[in-house]
Amino acid sequence: MMKMVEIIMPTNLHIKPTLTFNPSASISTWNRIKKPRGTKTRKLGAVFASISTSSHDTIGERLWPRSELCGNNKEKRASKKRVFFLDVNPLCYAGSTPSLHSFAHWISLFFSQVSLTDPVIAVLDGEGGSEHRRLLLPSYKAHRRKFSRKSSAPQKYPSERSHVVTDILTKCNVPVVKIEGHEADDVVATLAGQVLQNRYKVVIASPDKDFKQLISEDVQIVLPIAELNRWSFYTLKHYISQYNCDPCSDLSLRCIMGDEVDGVPGIQNVVPGFGRKTALKLLKKHGSLQNLLDAAAVRTVGKQYAQDALTKHADYLRRNYEILALRRDVDVQLKEEWLVERDRCNDLIILSNFFKLLEQSKRPTYRRGSHSKIDQAPIGKL
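Residues numbered from 1 in each chain as written. Predicted model: local features only at pLDDT ≥ 70, side-chain atom pairs only at ≥ 80, totals over all residues. Heavy atoms only, no water.

1. A closer look at the nonpolar core
Alright, step 1. Formed by 36 residues in total, the largest nonpolar core has its most connected members in Phe85, Ile121, Val187, Val195, Val202 and Ile204.
Alright, step 2. The set of elements that each furnish at least two residues to this core consists of strand E4 (82-87), strand E7 (120-124), strand E8 (176-179), helix H9 (184-197), strand E9 (201-205), strand E10 (219-225) and helix H10 (236-243).
Alright, step 3. With 8 residues, the top contributor of residues to this core is H9.
Alright, step 4. Beyond its immediate sequence surroundings of up to four residues, Ile121 is in contact with Val83, Phe84, Phe85, Leu86, Val174, Pro175, Val177, Leu334 and Trp338. (Core = buried A, V, L, I, M, F, W, Y, C linked by side-chain atoms within 4.5 Å. Buried < 20%, exposed > 50% of the residue type's maximum accessible area, 1.4 Å probe, protein only. Helix = DSSP H or I, 4+ residues; strand = E, 2+ residues; numbered from the N terminus. Contact = heavy atoms within 4.5 Å.)

Written out as structure tokens, the structure is:
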């Protein structure tokens, strides 16, 4: 069955030379070395400590030296242009409540203080979400769907809000991408790989922890920090300081221990004695889930209960990996006009009018059984 690809483009764009994309290359490569004895990792400040959604232990002994983080040719790296990916859906909520005020606030700060004239590509979740993950695991994000059914407006409301958001973004010269049956995370991961092949840096604007698995020298995250009322950059350097491992190892730990937020059960659900301490010890030695499973298939890697768990439930763990790992093969192609400098000429008037319309609304945030003026406003009036 053919998937619907919805791409809404601004009208005033200038075309750059044709792109060259090598689909065989991966998003990031890791030039890893052993951690020198006695090396101390610097702790992150309170800002980055507060953004972690769960506690993480050290699961690797590999660090990158400053020369790897900054590059041997600093001037060359500094001159590399950036492309921003805007993960739209999380910005449209204040906590768990749909809020166009939240979207207006964060997008205004993003355009004025973060992306400026750098290219921005906005991505929304497609209709139906992630079909392949739900087929693998029906409980995947089931509680979110249940909450949505209980608290959301009539069926047309999310669609109307999406049209408002899309209209604002396109008027600010940001292309909007939405692909049926796919989450925004996978679309961003796929397009990010294509952007990197064109020798740009990637910055992903999102609070979603899943994007940490993409972090590399040329892939950064910028997070909306509500407590500070600003966006904060989060880089490979911050990641290593926080977790003392590479993103591959962190993803592997989540696959073993599960992800309660996304409804992905860990191995302790089938082997109660297999806890975090065991997982950390094994990953510290083997580095990744795949390496661990490969080793367990040919030799003993730990205590008997752990060995039995890894051999008996290898498919269980591989399923978790397939669910939690971001896909990089979504059928979407980067367009050359998305890489041009963004024209900011419309920002002030479009966002000012949007804020005025929000202020005029008596009930700007959705309440059961009613809609605010902004939710009912025709797109043309924005």
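Next comes the rest of the description.
2. Quick notes on the pairing of E4
Alright, step 1. Burial analysis of E4 places 5 of its 6 residues in the buried class, the great majority of the element.
Alright, step 2. One ladder, built from 5 bridges, connects E4 with E9; its direction is parallel. Across the sheet, Val83 pairs through a bridge with Val202, a residue of E9.
Alright, step 3. The sheet contact formed by E4 and E7 spans 4 bridges and is parallel. Within E7, the residue paired with Leu86 across the bridge is Ala122. (Pairing = 2+ DSSP bridges.)

3. Details of the packing of aromatic side chains
Alright, step 1. Here the structure, examined in full by the defined rule, presents 7 aromatic pairs.
Alright, step 2. Both rings, one in Phe84 and one in Phe110, keep their centres 5.6 Å apart while their planes meet at 85 degrees; by these two values the pair is edge-to-face. Placement of Phe84 in strand E4 and of Phe110 in helix H5 (residues 100-115) is noted, with a sequence separation of 26 residues between them.
Alright, step 3. We classify Phe84 as buried; its relative accessible area is 0%.
Alright, step 4. Residue classification places Phe110 among the buried positions, given a relative accessible area of 0%.
Alright, step 5. Their ring planes at 80 degrees and their centres at 6.4 Å tell us that Phe274 and Tyr305 sit as a pair that is edge-to-face. (Phe/Tyr/Trp six-rings, centres within 6.5 Å; stacked < 30°, edge-to-face > 60°.)

4. Focus on the pattern of salt bridges
Alright, step 1. Taken as a whole and assessed by the stated rule, the structure comprises 13 salt bridges.
Alright, step 2. The partner of Asp167 in a salt bridge is Lys171, and the shortest N-O contact between them spans 3.2 Å. Of this pair, Asp167 and Lys171 both sit in helix H8 (residues 156-171), 4 residues apart, roughly one helical turn.
Alright, step 3. The class for Asp167 is buried, based on a relative accessible area of 13%.
Alright, step 4. Ionic pairing is found between Asp347 and Arg342, a salt bridge with its closest N-O pair at 2.8 Å.
Alright, step 5. Taking relative accessible area as the criterion, Arg342 reaches 3% and is therefore assigned buried.
Alright, step 6. Each member of the salt-bridge network shares a partner with another, and the members are Arg133, Lys141, Glu183 and Asp186. (Salt bridge = Lys/Arg side-chain N within 4 Å of Asp/Glu carboxyl O.)

5. Some details on H9
Alright, step 1. With 14 residues, H9 should reach 20 Å at 1.5 Å per residue; the first-to-last C-alpha distance of 20 Å fits that figure.
Alright, step 2. Counted residue by residue, H9 has 13 buried out of 14 residues, so it is predominantly covered.
Alright, step 3. One or two positions beyond H9, positive phi appears at Arg199, with a value near 65 degrees. (Expected span 1.5 Å × (residues − 1).)

Function cannot be read off these values alone, since they describe shape.
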